[in-house]
Amino acid sequence: MYLGLDLGTSGVKALLIDDEQRIVGSANGSLDVSRPHSGWSEQDPDHWIRATEEAISTLKAAHPAELSAVKGIGLSGQMHGATLIDAAGAVLRPCILWNDTRSYREAAALDADPRFRDITGNIVFPGFTAPKLAWVKTNEPDVFAKVAKVLLPKDYLRLWLTGEAISEMSDSAGTAWLDVANRKWSSDLLAATDLDEGHMPALVEGTEVGGTLRPELASAWGIGGTVVVAGGAGDNAASACGMGTVKPGSAFVSLGTSGVLFASNAAYLPNASSAVHTFCHALPDTWHQMGVILSATDSLNWLSRITGKKAAELTQPLGDTLRAPTGVTFLPYLSGERTPHNDALIRGVFSGLEQETGATEMTQAVLEGVAFAFRDSLEALRVAGTELSRVTAIGGGSRSHYWLKVIATALGIPVDIPADGDFGAAFGAARLGLIAATGADPLAVCTPPATDLTVEPDSALRPAFEDAYERYRSLYPAIKAA
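## Some words on helix α16 (residues 425–438)
Then, in step 1: For α16, with 14 residues, the first-to-last C-alpha span of 20 Å sits near the 20 Å given by 1.5 Å per residue.
Then, in step 2: Counted residue by residue, α16 has 12 buried out of 14 residues, so it is predominantly covered.
Then, in step 3: Residues of α16 that are buried: Ala425, Ala426, Phe427, Gly428, Ala429, Ala430, Arg431, Leu432, Gly433, Leu434, Ile435 and Ala436.
Then, in step 4: Two residues or fewer after α16 comes Gly439, characterised by a positive phi angle close to 75°.

Now the structure itself:
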């Protein structure tokens with residue numbers, strides 16, 4: 001048996017698979033987020049351990065024999081969090097999370113140093129780890145002086161599981177301290193935040209052994225023998241392992257609250273200027289790129305709140321047949337935008353409204369606007385040298401076949417819908433645990449799910465969608481100037 005542990009923002013998921021990758025069982029432990037000030041987002045790392053113990057306890061009660069047969073554990077987790085540890089191994093302050101924006105000034109200052117983009121291949125975003133440490137140094141100097149190790153959230157779980165301070169490439173690529181091309185810490189970038197490699201965990205690949213489970217935990221969980229803990233992955237890379245998005249050119253589009261266009265690469269292909277994330281993948285000699293949009297299904301949820309209608313009620317009048325764009329354009333920048341603009345200040349727009357415009361036309365424009373935001377990410381990936389021939393759709397919004405038709409036509413490539421199953425980050429982590437424990441070929445393990453249905457672009461409507469996309473693109477300079 002193999003166990004995947006995914007430390008998310010709202011909870012920890014434990015998922016158990018057998019040696020045929022069949023899911024045996026899963027359980028969850030809940031988490032809360034503390035927001036003591038505007039723009040702050042924190043969690044107590046001890047709560048991660050409590051939530052993990054809660055999930056394991058539930059799994060053990062339901063599947064004691066299966067849990068006792070675990071030979072490998074894989075870890076996945078929310079990225080970018082700054083977990084600060086002193087020389088005695090104690091936590092110095094609550095972890096500053098990925099969605100904490102307090103360090104925007106420090107991020108801008110680091111990003112102005114050309115070495116950061118040159119070495120990491122990425123803009124220094126406020127959510128990344130390095131600017132958080134710069135903020136701590138300025139605002140909590142007593143805490144900064146005691147920092148012995150900086151760990152990412154899943155790697156604090158590893159410290160508890162194994163007693164070792166170890167990380168891996170995909171998660172570490174989101175710190176703004178990693179030389180992403182050469183898959184090692186950059187002493188120059190660490191020095192720019194008054195740190196050195198001694199403050200960092202050791203690095204392994206996501207498929208490699210990154211410690212062994214402490215005997216006292218193995219005994220408490222009813223497990224005999226040695227249990228290896230894989231390097232694991234950041235949450236998006238772990239999801240990609242679960243989806244089988246590991247070969248060059250394979251990609252998925254995640255239509256969740258926010259949106260991600262994720263592409264796997266055999267080479268390091270940065271494009272920092274258009275806010276594409278270029279990170280190491282969880283597999284050796286593999287990288288990935290991500291275009292990120294901040295309001296995907298959140299845009300439809302916003303319209304739902306405004307109109308007082310459920311999302312399904314809004315989309316139902318559109319039917320099953322794709323419609324040509326109406327001339328109403330929606331920019332989904334309700335919380336600013338990441339790719340390609342890296343602009344936290346812009347906000348959403350409806351353009352082209354007229355007396356005859358109703359809720360159905362506005363709904364159609366929202367679906368198209370999100371699809372065009374994904375198209376922006378696709379174009380940014382192309383500039384970086386990545387051509388995609390198809391994508392697999394995941395996330396709650398992918399249940400809308402009409403929306404997938406819009407996305408396929410806006411992108412100009414087929415969209416595959418996977419067969420039912422759990423292919424998320426916990427499953428990907430369990431796969432990495434299997435690989436680390438058995439030495440199996442990562443490509444043979446991280447295979448994609450069967451395709452249930454493929455949505456093709458509507459060739460007849462492609463010219464109308466291209467015109468609508470050009471209208472969409474022309475609006476950003478106007479609102480940016482405003």
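## Quick look at helix α1 (residues 45–62)
Then, in step 1: For α1, spanning 18 residues, the distance from its first C-alpha to its last is 26 Å, which sits close to the expected 26 Å at 1.5 Å a residue.
Then, in step 2: For α1, the set of buried residues is Pro45, Trp48, Ile49, Ala51, Thr52, Ala55, Ile56 and Leu59. Take α1 and look down its axis: the buried residues cluster within an arc of 165°, on one side only.
Then, in step 3: Of the residues flanking the start of α1, the one acting as N-cap is Asp44, its side-chain oxygen 2.9 Å from the backbone nitrogen of Asp46.

## Remarks on the side chain of Asp376
Then, in step 1: Inspection of the secondary structure puts Asp376 in helix α14 (residues 359–383).
Then, in step 2: Residues contacting Asp376, with those up to four places away along its chain left out, are Tyr333, Pro340, His341, Tyr469, Tyr472 and Arg473.

## Let's talk about the pattern of salt bridges
Then, in step 1: Following the criterion strictly, the structure yields 21 salt bridges and no others.
Then, in step 2: Among the ionic pairs, Asp111 bridges to Arg117, the shortest N-O distance being 2.7 Å.
Then, in step 3: Between Arg115 and Asp113 there is a salt bridge, with its nearest N and O atoms 2.7 Å apart.

## Quick look at the sheet that holds strand β24 (residues 451–455)
Then, in step 1: Pairing is mixed across the open sheet formed by 7 strands, whose spatial order is β18-β19-β17-β16-β22-β23-β24. Because the sheet does not close on itself, it has two edges, and the strands there are β18 (277–280) and β24. On average, adjacent strands in this sheet sit at an angle of 25° to one another, irrespective of strand direction.
Then, in step 2: Pairing between strand β23 (residues 415–418) and β24: 4 bridges, direction antiparallel. Paired with Val415 across the two strands is Val455, which belongs to β24.

Calculation rules
- Residues numbered from 1 in each chain as written.
- Predicted model: local features only at pLDDT ≥ 70, side-chain atom pairs only at ≥ 80, totals over all residues.
- Heavy atoms only, no water.
- Helix = DSSP H or I, 4+ residues; strand = E, 2+ residues; numbered from the N terminus.
- Expected span 1.5 Å × (residues − 1).
- Buried < 20%, exposed > 50% of the residue type's maximum accessible area, 1.4 Å probe, protein only.
- Arc of directions from axis to C-beta.
- Polar contact = N/O pair within 3.5 Å; in protein donor to acceptor, adjacent residues only side chain to side chain.
- Contact = heavy atoms within 4.5 Å.
- Salt bridge = Lys/Arg side-chain N within 4 Å of Asp/Glu carboxyl O.
- Pairing = 2+ DSSP bridges.
- Axes fitted to C-alpha atoms, helices over the stretch in contact; angles between N-to-C directions.

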